[in-house]
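Analysis of the macromolecular model
Next come the chains, spelled out residue by residue.
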Amino acid sequence: MDNQRMADTVERNLSGLRIVIDRGTCIGSRNCIKLAPEVFALDAEGIVAFRENAPDIDRGRLVEACDVCPVDALQVIDPDETQIVP
């Protein structure tokens, strides 16, 4: 059975990409925050979340920030619905 639950995902369109956070998978490593602190932050539960007014940033840096997640809790999907990360 798949451990991911739909209620545990949050998504937002940034820099022309759809970013999906799987809150049930996130371990709060902060790797994404180190690379894109203006986009990501930890919430009160220690789980990654989008900053309220997250700006569009360089796409390459956004993809890298998602790609460094050690547990693949961040997905990046391009406008053609191709999953880039993980």
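Notes on the structure follow. Model, not experiment: these values are computed from the prediction.

1. Here's the deal with the pairing of strand E2 (residues 17-22)
Of all six residues in E2, six are buried, a share of seventy percent or more. Residues Leu17, Ile19 and Ile21 line one face of E2 and the alternating positions Arg18, Val20 and Asp22 line the opposite face, and both faces are buried. Alignment of strand E1 (residues 9-14) against E2, held across six bridges, turns out to be antiparallel. Note on E2: the bridge partner recorded for Val10 is Ile21. With antiparallel pairing between neighbouring strands as the criterion, E1 and E2 make up a hairpin whose turn holds two residues, including Ser15 at a positive phi of roughly 50 degrees. One ladder, built from four bridges, connects E2 with strand E5 (residues 74-77); its direction is antiparallel. Looking across to E5, one finds that Ile19 is bridged to Val76.

2. Considering the sheet that holds E5
The strands making up a sheet associate through backbone hydrogen bonding, with each pair oriented either parallel or antiparallel. On the basis of which strands lie adjacent, the open sheet formed by four strands has the order E1-E2-E5-E6 and antiparallel pairing. The open sheet has two edge strands with one neighbour each: E1 and strand E6 (83-85). Here the strands of the sheet are splayed against their neighbours by 25 degrees on average, with no regard to which way each runs. Pairing of E5 with E6, which is carried by two bridges, proceeds in the antiparallel orientation.

3. Brief notes about the pattern of salt bridges
All told, the structure shown has five salt bridges when counted by the stated rule. Taking the shortest distance from any N to any O, the salt bridge between Arg23 and Asp43 comes out at 2.7 Å. On the criterion of sequence distance, the pair formed by Arg23 in the loop between E2 and helix H1 (31-35) and Asp43 in the loop between strand E3 (40-42) and strand E4 (48-50) is long-range, its members being 20 residues apart. A residue is classified by how much of its surface remains accessible, and Asp43, at 25% relative accessible area, is partly exposed. The shortest N-O distance in the salt bridge between Arg23 and Glu45 comes to 3.4 Å. Of the two residues, Arg23 sits in the loop between E2 and H1 while Glu45 sits in the loop between E3 and E4, which places them 22 residues apart along the sequence. A relative accessible area of 63% means that Glu45 is categorised as exposed. Salt bridges sharing common partners tie together Glu11, Arg18 and Glu81.

The rules behind these values
Residues numbered from 1 in each chain as written. Predicted model: local features only at pLDDT ≥ 70, side-chain atom pairs only at ≥ 80, totals over all residues. Heavy atoms only, no water. Buried < 20%, exposed > 50% of the residue type's maximum accessible area, 1.4 Å probe, protein only. Helix = DSSP H or I, 4+ residues; strand = E, 2+ residues; numbered from the N terminus. Pairing = 2+ DSSP bridges. Axes fitted to C-alpha atoms, helices over the stretch in contact; angles between N-to-C directions. Salt bridge = Lys/Arg side-chain N within 4 Å of Asp/Glu carboxyl O.

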